[in-house]
Structures are given as structure tokens and as C-alpha cells.
Amino acid sequence: MRSQANKAPGSPRPTPRGVSPRPIFRYSQRAMSSPSSSRKKLPRLTRFSFLVTVLGLLTGAVLWFTAGSRWAEHTWRAVLIVVLLSLAFDILSSLRRGEIGVDVIALLAMAGALALGEVLAGAVVALMLSGGEMLELYAAGRARKELASLVERAPRVVHRYEDGHLTEPAIEEVRPGDRLLVKPGEIVPVDGVVAGLDAVLDESALTGESTPVERRTGDRVPSGGVNAGGPFDLQAVATAEASTYAAIVRLVQEAEASRAPFVRLADRYSWFFLPLTLAVAGLGWLLSGDPVRALAVLVVATPCPLILAAPVAFVAGISRSARRGIIVKGGNAIEALASARTLLLDKTGTLTIGIPTVKRIETFGNLSKDELLHLAASLDQVSPHVLAAAIVRGARERGLALTFPTEVAEKLGTGIEGTVDGRRIALGKIDWIAAGRPLPARALEVRQEVSVQGLSNVFMGVDGEPAGVIVLEDPVREDSAATLTALRRLGIRRIVMVTGDHRSVGERVGHALGADAVLAECTPEDKVRAVHKESETAPTAMVGDGVNDAPALAAAGVGIAMGARGATASSEAADVVLMLDRLDRLVDALSIARRARAIARQSVLAGMGLSFAAMLVAAAGYLPPLAGALFQEAIDVAVILNALRALTGGRGEGEGVRGRVVGGLSRA
């Protein structure tokens, strides 16, 4: 019939990488509450240690002034022993798993303080350890607020019409075809089609856009938006598990389960910092003969909260992205995106809108353009073809009243025919429409023009005679050229367009947008090979939106899916999902990722540098244990607070890009 786009949104959806199938709306809040630290300590134990330490230090301070130093030291010693035993148990558990961290330095510092009678310094180290973890819990909780809210706001029950009455079954009971009522202020529970009255929806939680959108009768709406108008009926087209909002929750789950490579590097930080600390401490003791100097070095080298600065910065970047309508599946995706230097982009639906529109109408007989479009759209009302929807939409935009067709027969890959207003109408390929009869010269000219320009076309016959042709295009996104320019300014050095379209069409679009290379007529396997080839020379990012893009998205260093189509294979295979169907959100995503990584590195390197400088001062005898403990506490708090800056926007973020590209596109 008409050339089909190579997108397949209706294809079966694979399980996301790293996520096992499970009921989405029974999602556990436990994952949201646990920090992404190197030791995975239970929050309850962390809070208990922190509470004991704070109360013990305060009690000891009171006793110092009221009952004398002896009772105060006993109190601080008790605090030190409690935290020391807890830490020793935790380190033994880590050693059984073959892991070792810089908490060993904290253990040695507290044990040395206990042995040398520097109990107050040891208690401050205990406060540093437990307080740093508490600060990380707070920071991670604050950073995950926007992501957690996606889960918390998920609806649990719906209003369903049954035998003329409204019932309130659990959302898991909804099936395609059910008619639901969405009341004002309620969340759209499942993907569906507006039935009856038009709807006004606030989809900011999905897209990051605050302006309400109007959905008319017959429009498909994703789950997760809020009814910002009056009540409306919704015809369910999917279960809750298969709906957009559930897919978003799956992305959140995967984001919470992931850890960044940079954080894993921080875990291995102990392998060189621990020997370095022991060497400096031993050197200070050897040169002075005073073990207190070694203790002072250990105290200032206790950077347990310091290592938490990296995950805090990455989680903050994830949170910032969520506020901009960008779902990022963890810190590893943040760092991979920040490292990308080569960008591969699909054409249809990524650089183009992905929705065909009527470009022009050519007539070969006595029918006017509006009459021809009226007849074609009336017949196409019953066709599932992607171009049929475009023709119907074009007729409605022109205000044409449509007639329901009769005696309809459709032959896939060839065309459709039926009766409209008493006339026999046929739509499809030119050879099928002609049926061996001579074609008008203009018809042959149009076919040649459309082929060269890479446009789509639907020929039409009326009562057995060729009557005209409808030419359709897939327009380039207005922001495509400006977005690619902005991405180059952010550090993307090479841009490659990969498309399944004809070579002439792909090259015309790619060169117009300034792509460095164009790979046309690509199968999904070709796209994967292109990603592998580009990955040999630089870190890659792949942007796509169709099922055929999913393998390439999974193969790239970071895969980025376009649009709020949470049920498609592309969004499940991708590491980053742009919930708003706008390409300029890619600029925001890259900007946030680069800022989060820069802040993480800055926090870790600055903290390590300050700690090493303090170690040298302590080894020289100018920084006693108590003063060193207070100084290290200040360093740790400073670097974690610095990591929280990733929660705020950088310069230019959110301003979007300006630019307009004019030109037509073909079907992909």
C-alpha cells in the first residue's frame, strides 16, 4: 500500500537491562531510602551510631564542667568503644566479601586514640564517621526526592464503569477496553484514549513542561499526567503494568540500583591511600619517637564521608535531570554521558518529528484538492496505516467533514479501497491505482519528484480512474540544527547520522544539519556495527526512538531514547530517556551530566588534597589529634556540601536552543 515507517511501537517490550519483571505498583520504598555508599550500611544502624556519638559527646562535655575530667573521659571512652565495635564488625563483614576501604584508617585512629588516652579526639573521629554517613543519607534523600515522588504518586485504585455503575477496583484489575472515569486532580491511571468530553492534563511530572495540554476526544494519552480540567472518560488501551507511568517507575528502579564507574574507582582509593597514610604515620612516629604524631596522621586521614561526595554528586545530577523531564538510569549513565565525544543519531523521530504530515495535494482530474482529501481521509478512517492517520489528521485540520466508508477492503503492502459518498475510492501504490491503464504525465512527474526529495506519496483513484496524489513529509525538528551546534559547544566532537532511509534523503538531511558523516539504508544490525566502530576511537552516545534503534542504544556507551513513550523497546534499552519529545532536552542532559561529574571530581580531589596536606602537618607535630579531627570533620562536610551543588542548574541550562530548519524529510 504505502511505504511503512520502520518504527514498531507495537512490538513486544523486552525487560530492561538489570530489571526483573515484577508488579510495578507494589514497588518497595526500601530502595529509595538506602544510600548508594560503598558499605551499604543499614540507615537504622547509622542513625543509632550518630545518636550515641552526639549524646555521648554532649554528656561528656557537661560532665567535664560539673563532675570533672575523669567522668567526662569515661563517657567519651564508652562512646568510642560502641562505635569502634560497630565499625570493626562492619569491616570484618567487608573483608569476608574481599573488600577493604578507608574505614580501616578510621578503625586504627579510634583504636589508637583509645590506647593512647586521646579519647576526645577518638570520639570526634566517631562523630566524623557517623555524622558523615548521616549527612550522606540526608543528601541522597534530598537528591532522590523528585525520583521518589514518581513512585509515591502512582495511583492504586481507579473508577471503572460496570453495568452503568462506577466501581473502584485496584489498578491491577484494569484491562484494555475498560471505560474509566478520571476526576479533577486525579492521575491518569493507565494509557488510554479520551472518550466523551475533551481533557486538560498537567503532564509536568512526565515531561518537565508546566503548561497544561488539551487532549481531544479520540486522542491517546499516557498514564501519569494529572487531570487539570473537568472529569473525563478514558478508554483503557493497556494494563497498568504495560502503561507509560509503570515504565517510568521501572526506569527509576534501575536508576536506584545502578552505581557509577567513578564511584567504584573511589572504592579502590583505599588501595593506595591506606598504605600512604600508614607510611606517613610511621614516618612521623619514627622521626619524633612520639606515637601521638602517628595518631594525629591517622585522625586527619579519616576520609570516610569524603568518598561519599561522588555518589552524592551523581544522585544530585539524576535528581536535577528528573526535574527537567530527563530520566537517567543511575550514576554510571551520568558519567558515560559526560564522557561522550561522538554522538550517533537516528533520523526519523529524532532529528525529524516522526509524524508524517500532508505537504501538498496534486489532482489529475476535475476534483478539487479539498474534495480529493475529503474522499481519501474518509476512506482512511478505518485504516491502521501510519500514513492513513496523517491523511485523516490533515483533513480535520482543514475542517473537512468526513463520511464513514462502506465496502472497505485493504490489501497490506498495496492499498485500500471502499465506497465513499457513492463513489469507489482507491488509495495506494501508483501501479495498483493505474491497474494497467495509462497514467497522466503529471502523475509520473510527481512520482519522480517525490523519489528525489525522499517524500512519501499516496496515489488515489476515483471510480477506476487516477484522480490525484497526496504528498506527505516528515519535517525536520525546528530545533535540530541549533541543538547539534549547542552539543558541539559542550564537547561533542563528531556527529554521525544513522538512518534506514535512502542514501540521497539521508545525505540531504545530514549535510543540511552539519553532520560529520551519514550512514543510510541501515538495518538495526548496521546501526550496532556503526556504534561499535565509532566506539573504537571515542566514547559514544546513541540517540533514537524506535524499536529498531534499541540494539544500537544498548551497544553505545550511553543510549538516549526520545519522547515519553515508556512502553517502547528504545526507552527500556536506553540509559537516558528524554520524557519530553524535544531534541533540545539533549543539551540539558549533557550539561547536567558534565556538571555533576565535574563537581564529583572536584569534591574528591579537593578533599584528598586537603587531607594529605593535613597529614604532613600532623606528622611534623603541628596538628595534634583533637585539632586534626576537627579539621578533617570540616573538610568532609565541605566536600559533601559542595557535591550538593549538582542539585542546582548550571549556566545556560534550561534556556533551550533557538533555530529553525526548513526542509522536508522522507519516511524512514
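The shown structure was predicted, so the numbers you read here are calculated from the model rather than taken from an experiment.

### So, the overall build of the chain
Okay, step 1: When helices and strands are tallied, the chain shows 26 helices and 22 strands.
Okay, step 2: The buried share of the chain, reckoned over its 668 residues, is 54%.
Okay, step 3: Within the chain, contacts between residues separated by at least 24 positions form 72% of all contacts whose residues are at least 6 apart in sequence.
Okay, step 4: Summed over all atoms, the accessible surface of the chain reaches about 28,000 Å², with 58% contributed by carbon and sulfur.

### Quick notes on the sheet that holds strand 18 (residues 494-498)
Okay, step 1: With mixed pairing, 7 strands are arranged side by side in an open sheet as 10-22-21-20-11-18-19. Strands with a single pairing partner mark the edges of an open sheet, and in this sheet they are strand 10 (326-328) and strand 19 (517-519). Averaged over neighbouring strand pairs, the angle between their axes works out to 20° when direction is ignored.
Okay, step 2: Where strand 21 (residues 558-562) and strand 22 (residues 576-578) come together, 3 bridges link them in parallel fashion. Following the sheet pairing, Ile560 is matched in strand 22 by Val576.
Okay, step 3: Where helix 21 (residues 503-513) meets the sheet, it contacts strand 18 and strand 19, and its direction lies at approximately 155° from that of strand 19.

### A word on the pattern of salt bridges
Okay, step 1: Taken as a whole and judged by the stated rule, the model has 14 salt bridges.
Okay, step 2: Between Glu162 and Arg160 there is a salt bridge, with the nearest N and O atoms lying 2.7 Å from each other.
Okay, step 3: Under the relative-accessibility criterion, Arg160 is labelled buried at 12%.
Okay, step 4: With its nearest N and O atoms 3.0 Å apart, the salt bridge here joins Glu362 to Arg442.

### Quick word on unusual backbone geometry
Okay, step 1: Within the chain, Asp163 stands out as a residue other than glycine whose phi angle is a positive 55°.
Okay, step 2: Its identity is not glycine, yet Asp463 carries a phi of approximately 55°, on the positive side.
Okay, step 3: Within the secondary structure layout, Asp463 lies in the loop between strand 16 (456-462) and strand 17 (465-473).
Okay, step 4: Classification of Asp463 as partly exposed rests on a relative accessible area of 43%.

### Re the sheet that holds strand 6 (residues 213-215)
Sheet strands pair via backbone hydrogen bonds, and the direction of the pair is either parallel or antiparallel.
Okay, step 1: On the basis of which strands lie adjacent, the open sheet formed by 3 strands has the order 6-5-8 and antiparallel pairing. Only two strands of the sheet have a single partner each, and these edge strands are strand 6 and strand 8 (226-227).
Okay, step 2: When strand 5 (residues 199-202) meets strand 8, the two strands line up antiparallel, connected through 2 bridges. Along strand 8, the bridge assignment pairs Leu201 with Asn227.

### Brief notes about the packing of helix 3 (residues 69-96) against helix 4 (residues 103-116)
Okay, step 1: At a minimum axis distance of 10 Å, the contact between helix 3 and helix 4 shows a crossing angle of 150°. Between helix 3 and helix 4 lies a crossing of left-handed hand. Of the residues in helix 4, those in contact with Arg77, Leu80, Ile81, Val83, Leu84, Leu87, Ala88 and Ile91 of helix 3 are Asp103, Val104, Ala106, Leu107, Met110, Ala111, Ala113 and Leu114.
Okay, step 2: Among the residues forming the contact of helix 3 with helix 4, the class breakdown is 14 nonpolar, no polar and 2 charged.

### Looking at a nonpolar patch on the surface
Okay, step 1: Nonpolar side chains collect at one region of the surface, where Leu276, Phe612 and Leu616 lie side by side and expose about 230 Å² of accessible area between them.
Okay, step 2: Among the structural elements, Leu616 can be located in helix 25 (residues 585-619).

### Concerning the side chain of Glu534
Okay, step 1: On the secondary structure map, Glu534 appears in helix 22 (residues 524-535).
Okay, step 2: Assessed through its relative accessible area of 10%, Glu534 is described here as buried.
Okay, step 3: Residues within four places of Glu534 in sequence aside, it is in contact with Thr342, Leu344, Arg494, Val496 and Thr540.

### Here we look at the packing of aromatic side chains
Okay, step 1: Counting across every chain of the model gives 1 aromatic pair.
Okay, step 2: Seen from their ring centres, Trp64 and Trp76 are 6.0 Å apart, and the 25° between their planes marks the pair as stacked. Highlighted residues: Trp64 in helix 2 (residues 43-66) and Trp76 in helix 3, separated in sequence by 12 residues.

### A few points about the side chain of Arg597
Okay, step 1: Tracing the sequence through the fold places Arg597 in helix 25.
Okay, step 2: Of the buried charged residues, Arg597 lacks a salt bridge, with Glu335 as the closest side chain of opposite charge at 5.4 Å.
Okay, step 3: Those residues in contact with Arg597 that lie beyond four places of it in its chain are Phe314, Glu335, Ala338, Ser339 and Arg341.

### Regarding the packing of helix 13 (residues 309-323) against helix 25
How two helices pack is summed up by the angle between their axes together with the distance between the axes.
Okay, step 1: Packing of helix 13 against helix 25 brings their axes to within 8 Å, and their N-to-C directions diverge by 160°. When the axis of helix 13 is compared with that of helix 25, the two are roughly antiparallel. Crossing of helix 13 against helix 25: the hand is right-handed. Contacts between helix 13 and helix 25 involve Ala309, Ala310, Ala313, Phe314, Gly317, Arg320 and Ser321 on the former and, on the latter, Ile592, Ala596, Arg597, Ile599, Ala600, Ser603 and Val604.
Okay, step 2: Split into classes, the residues belonging to the contact of helix 13 with helix 25 amount to 9 nonpolar, 3 polar and 2 charged.

### Quick word on the confidence of the model for the chain
Okay, step 1: Averaged over all residues, the pLDDT of the chain equals 77, while 78% of them reach at least 70.
Okay, step 2: Taken element by element, the predicted model of the chain shows its lowest mean pLDDT in helix 1 (residues 30-33) (34) and its highest in strand 3 (residues 179-182) (94).
Okay, step 3: In the model, residues 1-42 has pLDDT below 50 throughout and makes 123 contacts with residues more than four positions away in sequence or in other chains.
Okay, step 4: Segment residues 655-668 is flagged for pLDDT under 50; beyond a separation of four residues in sequence, or across chains, it makes 54 contacts in the model.

So, how was this worked out
Residues numbered from 1 in each chain as written. Predicted model: local features only at pLDDT ≥ 70, side-chain atom pairs only at ≥ 80, totals over all residues. Heavy atoms only, no water. Helix = DSSP H or I, 4+ residues; strand = E, 2+ residues; numbered from the N terminus. Buried < 20%, exposed > 50% of the residue type's maximum accessible area, 1.4 Å probe, protein only. Contact = heavy atoms within 4.5 Å. Areas by Shrake-Rupley, 256 points an atom, 1.4 Å probe, with all protein chains shown as cover. Pairing = 2+ DSSP bridges. Axes fitted to C-alpha atoms, helices over the stretch in contact; angles between N-to-C directions. Salt bridge = Lys/Arg side-chain N within 4 Å of Asp/Glu carboxyl O. Left-handed = near helix turned anticlockwise from the far one by under 90°. Nonpolar A, V, L, I, M, F, W, Y, C, P; charged D, E, K, R; others polar. Patch = residues over 30% accessible without salt bridge, like charges linked within 9 Å, V, L, I, M, F, W, Y side chains within 5 Å. Phe/Tyr/Trp six-rings, centres within 6.5 Å; stacked < 30°, edge-to-face > 60°. Lys, Arg positive; Asp, Glu negative; His and termini not counted. Parallel < 35°, antiparallel > 145°, perpendicular 65-115°, else oblique. pLDDT = per-residue confidence, 0-100.

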